[in-house]
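Structural overview
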Amino acid sequence: PVALDGTAEAQDDHYAVVDLPAIEAATLIHHGSMNKADVIHQDLARWIEDNGYRLDGPEREVTLAFTDDEDGWVTEFQYPVVKA
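Let me begin by describing the structure that accompanies this report. (Residues numbered from 1 in each chain as written. Predicted model: local features only at pLDDT ≥ 70, side-chain atom pairs only at ≥ 80, totals over all residues. Heavy atoms only, no water.)

1. Considerations on the pairing of strand 4 (residues 74-83)
Short version of the rule: Under the scheme applied here, a residue whose accessible area is under 20% of the maximum for its type counts as buried, over 50% as exposed, and between as partly exposed, the area being computed with a 1.4 Å probe on protein chains only. Helix and strand assignments come from DSSP, with helices taken as H or I runs of at least 4 residues and strands as E runs of at least 2, each series counted from the N terminus. DSSP bridges decide pairing: two strands pair if at least two such bridges lie between them.
With 8 of 10 residues buried, strand 4 is to be regarded as a mostly interior element. As judged from the 7 bridges shared by strand 1 (residues 25-31) and strand 4, these two strands associate in the antiparallel manner. In the strand pairing of strand 4, H30 is matched with T75. Where strand 3 (residues 60-65) lies against strand 4, 5 bridges are found, and the strand directions are antiparallel. Residue pairing for strand 4: R60 is matched across the bridge by Q78.

2. Describing the nonpolar core
Selection criterion: Only buried Ala, Val, Leu, Ile, Met, Phe, Trp, Tyr and Cys residues count toward a nonpolar core, and they belong to the same one when joined by side-chain atoms within 4.5 Å. We call two residues in contact when some of their heavy atoms are within 4.5 Å.
In terms of nonpolar packing, the biggest core is built from 9 residues, these being A26, L28, A37, L44, I48, Y53, F77, Y79 and V81. Every element with two or more residues in this core is listed here: strand 1, helix 1 (38-50) and strand 4. Among the elements that take part in this core, strand 4 stands out by supplying 3 residues, more than any other. In this view, L28 contacts I40, L44, T75, E76 and F77; residues no more than four positions away in its chain are not counted.

3. Some remarks on the pattern of salt bridges
Which entries qualify depends on this criterion: Here, a salt bridge means any side-chain nitrogen of Lys or Arg that lies within 4 Å of a carboxyl oxygen of Asp or Glu.
In total, this model carries 1 salt bridge according to the counting rule given. For D43, the salt bridge is made with R46, and the minimal N-O distance between the two is 3.0 Å. Of the two residues, D43 and R46 both sit in helix 1, 3 residues apart, roughly one turn of that helix. Taking the relative accessible area as the measure of exposure, D43 reaches 38% and is therefore partly exposed.

4. Here's the deal with the packing of aromatic side chains
Note the threshold: By convention, a stacked pair of Phe, Tyr or Trp rings (six-membered ring in the case of Trp) has centres within 6.5 Å and planes under 30 degrees apart, an edge-to-face pair has planes over 60 apart, and any other such pair is tilted. Either the NZ atom of lysine or the CZ atom of arginine qualifies as a charge over a ring when it sits within 6 Å of the ring centre and within 35 degrees of the ring normal.
Scanning the entire structure with this criterion turns up 2 aromatic pairs. Here the aromatic rings of W47 and Y53 are separated by 5.9 Å at their centres, their planes lie at 15°, and the arrangement is stacked. Measuring from centroid to centroid gives 5.0 Å for F66 and W73, while their planes differ by 25°, and the two rings are stacked. Of the residues examined, F66 reaches a relative accessible area of 59% and is grouped as exposed. Over the ring of Y53 we find K83, and its NZ or CZ is 4.4 Å from the ring centre.

5. A closer look at a nonpolar patch on the surface
To keep it simple, the criterion reads: Only residues whose relative accessible area exceeds 30% and that form no salt bridge enter a patch; like-charged residues are grouped when within 9 Å of one another, and nonpolar side chains (Val, Leu, Ile, Met, Phe, Trp, Tyr) when within 5 Å. For every accessible area listed, the method is Shrake-Rupley and the probe measures 1.4 Å; residues are considered covered only by the protein chains on display.
On the surface, I29, V62 and L64 cluster together into a nonpolar patch covering about 230 Å² of accessible area. On the secondary structure map, I29 appears in strand 1. Residue classification places I29 among the partly exposed residues on the basis of a relative accessible area of 41%.

Pasting the structure below:
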């Protein structure tokens with residue numbers, strides 16, 4: 001869990017809290033099943049190329065909302081980029 005002040009503490013041995021390095025990224029928010037996310041990835045890849053960027057590392061994926069109904073899922077994709 002993360003407190004409002006941005007601090008975090010591990011509650012048990014099942015997970016670790018880490019600080020990721022800051023990145024310049026092209027990001028998008030996907031609503032719905034991950035089975036439908038491939039089109040989103042293609043759109044973002046096209047935007048990256050069309051706007052003079054290139055990928056600069058592995059993608060980050062953050063689950064913002066997870067529900068029993070896949071239509072309620074919300075996922076943020078972060079693609080590290082640099083100017084080409």
